Amino acid sequence: MSEEGREPEGQEQKSHDISSASEDRNQLTYLVTDAPPWYLCIFLAIQHCLTAFGATISIPLILSEGLCLQHDSLTQSHLINSIFFVSGLCTLLQVTFGVRLPILQGGTFSLLTPTMAMLSMPQWECPAWTRNASLVDTSLLVFKEEWQIRLRNLQGSIMVASLLQIVVGFSGVIGFLMRFIGPLTIAPTITLIGLSLFESSAAKAGTHWGISAMTTLLIILFSQYLRLIPVPVPAYNKIKKLHTSKFYIFQRFSILLGIVVSWLFCYILTVSDVLPSNPAHYGHLARTDVKGNVISDASWFTFPYPGQWGVPAVSLAGVFGLMSGIFCTMAESVGDYYACAKLSGAPPPPRHAINRGIGVQGLGSLLAGAFGTGNGTTSFSENVAVLGITKVSSRRVILLSGVFMILIGIFGKISAVITTIPDPVVGGMFMVMFGVITATGISNLQSTDMNSSRTIFIFGFSMFSALSIPNWIVKNPGSLHTGVKEVDHVLHILLTTNMFVGGFLGFILDNTIPGTKRERGLPDREHEDVSDKFSASLELYDLPFGLTSFLSSQSWVRYVPFCPWRDRDTDGRTEDNNVMLRRGSELSSHGEIVEMR
């Protein structure tokens, strides 16, 4: 190389140092199949549970209004127990038999919008007396029947809708469908999930705007302004012995800290009688004693079980509405699988792992319906982001997180305490969480060509139509009249579900209006293409307990879409899984691991 073409020695060394520093920063501490020390596993597992805490408790609290349970805190605590229990169970199934990546399962906001549309139909509207706390006696049989009949119809509809996901996953159809579902379908769908929940957020925040504003500001302060400020905490290891270590507590637990500080402030205002004790006065719902004796009435142990609210019923209209949410969870989860693999230093998941992951997720939604959580299940994007922050992608940590969530679901007092969080504190949390969901939906457009008039038209038209059409139908409930009652109910739920209208229009327009792959935001390679540099480490996606080795001897297995299959001649040439995973991680650290913010 000539002198003109050669970098100066100092500059070359500087570039090398920067590259080395970047590699060190992106280097994973523990890989998917690694086993961190037990004490680190416990700490990291608790962190994952706390990361999913806000979203998990939000779903039952929102559902309680549509189920006529807003004044029955004890039943709300049972719903929280159930959703934690099922989330932990689904996490164990997904990590063990599903996609086998370190990915947490939990409730999904994608089913909330069609659920609330279903419960807002005239036949399911709550009687006026259930909205008045002074008229509600939670021990009366008539009250129990009011909310149980709604929950039974909801859980039966979820169970039937989940069969679609099971079939799509285990049949391998999901790989075919993902060719047609791009960012212009996903972006309006997820964005509208957040936008459609603004009424619930405003209603709770409006019970005391001062408290809700404080909660929101605290979460913003912790998550945005203080997130990079470390807090020294005591630590111990064999080399350094007892010492202090830096821990980014504000970044890890911003939502939890915001809730706890505001909750404590409300308690102080309650015991000092600053907040009004008269239910008719503004600000009464900010008191911490509003829920009465829910903590003392709750049992120490509760064991959720299938059919705990009675025999599930099925609403045909509800099934079709919930199917729109199921499609959204599938598209969202496939994206999470690839993000999780990338942050874990693992190869992109092969087709059989994706099929199995979606199929097992469908089984999870079936279980969620059977247990009566009022919701389904999906992968938690927030916990995928935690992998990029902690640099620990061990499956063992997520398995332990699932165990902890099951334990939370069993201890009745824990969920009872959660239900005593004052409404304005919950409203302040909703303001942040639903805003983030809305922005997450819009962020899907970053891979599209936003300078293209085609992109702007499809997204803009889908969003505006999804806000206008449901609004008009809600204000004109008798406008849908086909002469067939069941068809009217189906159309009402679908056309009043913002995310269905926006996602459907985005899907149709994106697949019919001519456009390049760059405009549509589609990758040049198909998802199932895997580079040779990762081929050996694909073993991490094998079935557990030696099932893959056993099935590899059966020639028919190659035709099963959700089963891994390897030729026995190549099976023995595979190097140790952990070694190859580390090589994959080193290759990924040259710019392929993207740290989520």
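Refer to the structure above for everything that follows.
Fair warning: this is a prediction, and the values are worked out from it, not measured in the lab.

Tell me about the packing of aromatic side chains, and please be specific about residues and values.
Applying the stated criterion across every chain yields a total of 12 aromatic pairs. Ring centres 5.0 Å apart and planes at 70 degrees place the aromatic pair F170 and F562 in the edge-to-face group. Here the residue F170 occupies a position in helix α6 (residues 141-170), and F562 occupies one in the loop between α24 (547-551) and α25 (568-571), the gap between them amounting to 392 residues. Residue F170 is classed as partly exposed on the basis of its relative accessible area of 21%. A residue is classified by how much of its surface remains accessible, and F562, at 28% relative accessible area, is partly exposed. Measuring from centroid to centroid gives 5.2 Å for F176 and F180, while their planes differ by 65 degrees, and the two rings are edge-to-face. Residue classification places F180 among the partly exposed positions, given a relative accessible area of 33%. Each member of the aromatic cluster is reached from another via a ring pair, and the members are F109, F430 and F434.

So, the state of the cysteines: which residues are in play, and what are the values?
In the structure shown here, the tally under the stated rule is one disulfide. Disulfide pairing places C68 opposite C126 at an S-S distance of 2.1 Å. Of note, the bridge from C68 to C126 carries an S-S torsion of about -95 degrees and is left-handed in sense. Of this pair, C68 sits in the loop between α3 (53-66) and α4 (73-97) while C126 sits in the loop between α5 (112-119) and α6, and the two are 58 residues apart along the sequence. Taken individually, C68 and C126 each receive the classification buried, so the pair is uniform in this respect.

Would you mind going over the nonpolar core in detail, with residue names and values included?
Counting 108 residues, the largest nonpolar core has L101, F109, I174, M429 and F434 as the members making the most contacts within it. If we ignore the near neighbours within four places in the chain, the residues touching M429 are G54, I57, S58, T215, I219, I255 and I259.

Quick one: what's the story with the environment of L322, residue by residue and with numbers?
The residue L322 is located in helix α14 (residues 316-343) in this model. Note on L322: relative accessible area 2%, which makes it buried. Separated by 212 residues in the primary sequence, L322 and S110 place their C-alpha atoms 8.7 Å from one another.

Rules of the game
Residues numbered from 1 in each chain as written. Predicted model: local features only at pLDDT ≥ 70, side-chain atom pairs only at ≥ 80, totals over all residues. Heavy atoms only, no water. Phe/Tyr/Trp six-rings, centres within 6.5 Å; stacked < 30°, edge-to-face > 60°. Helix = DSSP H or I, 4+ residues; strand = E, 2+ residues; numbered from the N terminus. Buried < 20%, exposed > 50% of the residue type's maximum accessible area, 1.4 Å probe, protein only. Disulfide = S-S within 2.5 Å. Core = buried A, V, L, I, M, F, W, Y, C linked by side-chain atoms within 4.5 Å. Contact = heavy atoms within 4.5 Å.

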